[in-house]
Every structure is written in structure tokens, then in C-alpha cells.
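# Structural characterization, general
Single-letter residue listing:
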Amino acid sequence: MRIVRSILKYLVCGESCDVQICPLCANEETQNQVVDVNAGKQLFEIDPDEEDLDSLLITLACGHIFTVATLDDVCELEKYYTRTDDDWVSIAPPPPGLQRPPTCPHCGEPIKSRRYGRVFKRAQLDISEQNLATTCQSTLRLIQDKVLEFNLTTVSNDLEKGLAKIPPSQVPVISAEPKIELDKTAIRPSEPLPIPSKRFRRNSKELRRLPRPIVDLWLRAVRRLLGYYDEASQVATTRSSHSRAYEAAVSNLYKRYLSELDHSGGPLGSVTPENMALGLAKKHCGLPASPKADARFRVEACWQTFIIRFHIIALAQKVAATLAESRVGENVRSFWADMIEDIIHTVERDASLTMEEAEKSQSNRQL
């Protein structure tokens, strides 16, 4: 008997009743359900032999049934696809601003049917980006509070006292090694924004040349600041789902259009095939312009790393002043000055890139 029921589920319309409910198999309660909200029609009034697209039925995951016309209106499909007369002919740039997932008119459950996949995924991306923005904003506020609470005067005084306690025998007078000029081109173009904190830690080129007792004391003094720096750097390098989706869509379309242009051999005038392919990819990727939320928080996070680096520079200058009054070798003082100059150089480099980022993303408040 179970086998018979299972077979009968597919005999009337070809679809399993677990997947698609139709007027012929539905129970009385379901038959009375309003499925065409615009026309006010109930399920029993729908002709199962009707071939018009707008009259076809879709059963949602929640179990409620509606006509295509009703769900198209609920999901505002005209915002995502271009329609000519009765035909959907192409995708359209999705609407700007935050979009909410479309929901069932009866129970409010999200509509995830494949026909409305683009609508639902766009809303999911918006929600993901909003959550990311909230997290980044909260994290940056906490970092800012911790940096404000950092007592620069106390740490500076502790550094001075610690340097005075280092026995002269542990700070050798180095004079044989020639002074190495700082190479300001040492920051590779591929280095991320902001510069990773490893450049300021024990294994950095500048610190490796300095006496161990001074380096140990220094790293203890700036340990918390470097921790805050890493937290801000993590925010700066965070990418939203929107950005990843946009870049993936543009990349895939770019390769396709570039291949088509290469095979066509047609004249492009003064426009290169690469630029033409990129323009077409951005136009037809089906997503809005590259999201700016990532850039905005990247700019804010970079500004925070500048403040942290200014704190580190202030402490380093205190050490430099103390070393100048001590009997350490000239090279030790020179190496320390190189380290300060290198930190300043990283700020200059990152500030230049951050200004460009702010202008591109129109982050006027950060400018």
C-alpha cells in the first residue's frame, strides 16, 4: 500500500506532493488557501492545465503555495531582471541599499525557491555585510578605548628606569661594524595595508642589530601596543561577502569577455581588449558597484594603526634620548635611530595608500 501511495504521488502532475502541491491532490484546507494574492484566487480556482507562466504554482519550503505572479511581486523580481511584455529577457543591476530577504505572505518564512535565488542571495549578502560592519565598528571602538587608556607617561618612565638598570657590560660598545644606511625602498609593493607588525618585532632587521637587553626591555614596553596594532590590522584586512562575490563575478566575466574579444578580432579603436572586457564585466556582473563598507573600515583601522605607531615612536624617542646620555656605542644609537626612521617610513607609506583608499571610497569623514 505504501508503494502504491508513493507511485500515486507522481501520477497526477509528475511532481511529488512533498515538493509541489497542486489543486488535484491537495486536501480541503489547502484547497481554500489563497494562492493568487493579486486576484484573490484560492487554490481550487486555479486551472492545473493553465500554461501561462504567471498562473503556475510554486510550493515554498514552509508548505504554502502561490502563483508565480504573486511571488514575483512579493520578491520584487522586476528590480533584478528586465522584462519585455510578458518575457523576462535579462538580468538588471540590483537595487541599491540594504535589501531584506523576501518572505512568505502567510507565515513570514524566507522565500528560498530557486526562481528567487538571486533575490534571496542579495539579501543574505546585505545582512552579512551589515553584521560585518557592526562587528568592525565595535572592534575599532574597543581598540580606540584601549589605546586611549594606554599610559604613555608611565611606560616611558618605566623604560627610562629599566635602561638605567642594564649593566654596562651587557651593552657593548660596538664600533667595528660600519653604519648601514636605511633603505627606504625596503617596503615591497606587495606588502599589505597596513604594514604587518612583524616589522616592529624581535626578528626585524633593525632590532636584530641591537643589544639583547635593550631589545627585551623595549618589546615588553610596546607589547600591548603591538597587540592593539594586530587587532586593527585584522579589521583592515577583513573582506565582506559582498566584496568577495563582486570580485568573483567580475573576474569570471572578465575572462569570458576577454576570450570573446580575442577570438572576434574586431576593431576596438583606442580601447584595449583588457579595458573593454573589464568594463563589460563590471556592467553585466549582476551586482552593484564594488562595496565601499570594506574600504571605509579599512581606512578607519589604518588611522588607528597610525595613532598606535605614533605612541611607539614617542616611546622610541624616549629611549633614544636616554641612549644619547649613556656610554653606549655610536652604532647602537645609530641603529636605534634607524628603527625610528623605519617606523616613520611605514607611516608615510601607509598614509599615502590610505588617502588613496579614502578618496576612492569617498570616506570624507576619515579624510
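The structure we're discussing is the one just above.
Rules behind the numbers
Residues numbered from 1 in each chain as written. Predicted model: local features only at pLDDT ≥ 70, side-chain atom pairs only at ≥ 80, totals over all residues. Heavy atoms only, no water. 1 Å grid on protein atoms, 1.4 Å probe; cavity = no way out; pocket = protein on both sides within 12 Å on 5 of 7 lines; lining within 4 Å. Points joined across faces, edges and corners; volume = space filled by probe spheres on them. Helix = DSSP H or I, 4+ residues; strand = E, 2+ residues; numbered from the N terminus. Nonpolar A, V, L, I, M, F, W, Y, C, P; charged D, E, K, R; others polar. Pairing = 2+ DSSP bridges. Salt bridge = Lys/Arg side-chain N within 4 Å of Asp/Glu carboxyl O. Buried < 20%, exposed > 50% of the residue type's maximum accessible area, 1.4 Å probe, protein only.

## Here's the deal with empty space enclosed by the protein
A complete count under the given rule lists two cavities of 30 Å³ or more for this structure. The space that makes up the second largest cavity amounts to roughly 50 Å³. Around the second largest cavity, the lining residues are Arg199, Phe200, Ser204, Glu206, Trp218, Ile312, Met339, Asp342 and Ile343. The element contributing the most residues to the lining of the second largest cavity is helix H11 (residues 330–361), with three residues. Of the residues belonging to the lining of the second largest cavity, the class tally is five nonpolar, one polar and three charged.

## What to know about the pairing of strand E6 (residues 87–91)
Pairing of strand E5 (residues 81–84) with E6, which is carried by four bridges, proceeds in the antiparallel orientation. Each bridged residue has a counterpart across the sheet, and for Tyr81 the counterpart in E6 is Ile91. Linking E5 to E6, which pair antiparallel, is a turn of two residues; within it Asp85 sits at a positive phi near 55°.

## Points about unusual backbone geometry
In this chain, Leu193 is followed by Pro194 through a cis amide linkage whose omega measures -5°. Along the chain, Pro194 falls in the loop between helix H5 (152–165) and helix H6 (205–208). Of note, the phi angle at Glu76 is positive, near 50°, even though the residue is not glycine. Within the secondary structure, Glu76 is located in the loop between helix H3 (68–74) and E5.

## Some points on the pattern of salt bridges
Scanning the model with the defined rule gives 19 salt bridges in all. Between Asp72 and Arg115 there is a salt bridge whose closest N-O contact spans 3.0 Å. Pair noted here: Asp72 is in helix H3 and Arg115 is in the loop between E6 and helix H4 (117–149), with a separation of 43 residues, a long-range link. Residue classification places Asp72 among the buried positions, given a relative accessible area of 4%. Among the salt bridges present, the one from Arg202 reaches Asp216, with a minimum N-O distance of 2.8 Å. Highlighted residues: Arg202 in the loop between H5 and H6 and Asp216 in helix H7 (residues 212–236), separated in sequence by 14 residues. With a relative accessible area of 35%, Arg202 lands in the partly exposed category. Through salt bridges with shared partners, a single ionic network connects Arg202, Arg212 and Asp216.

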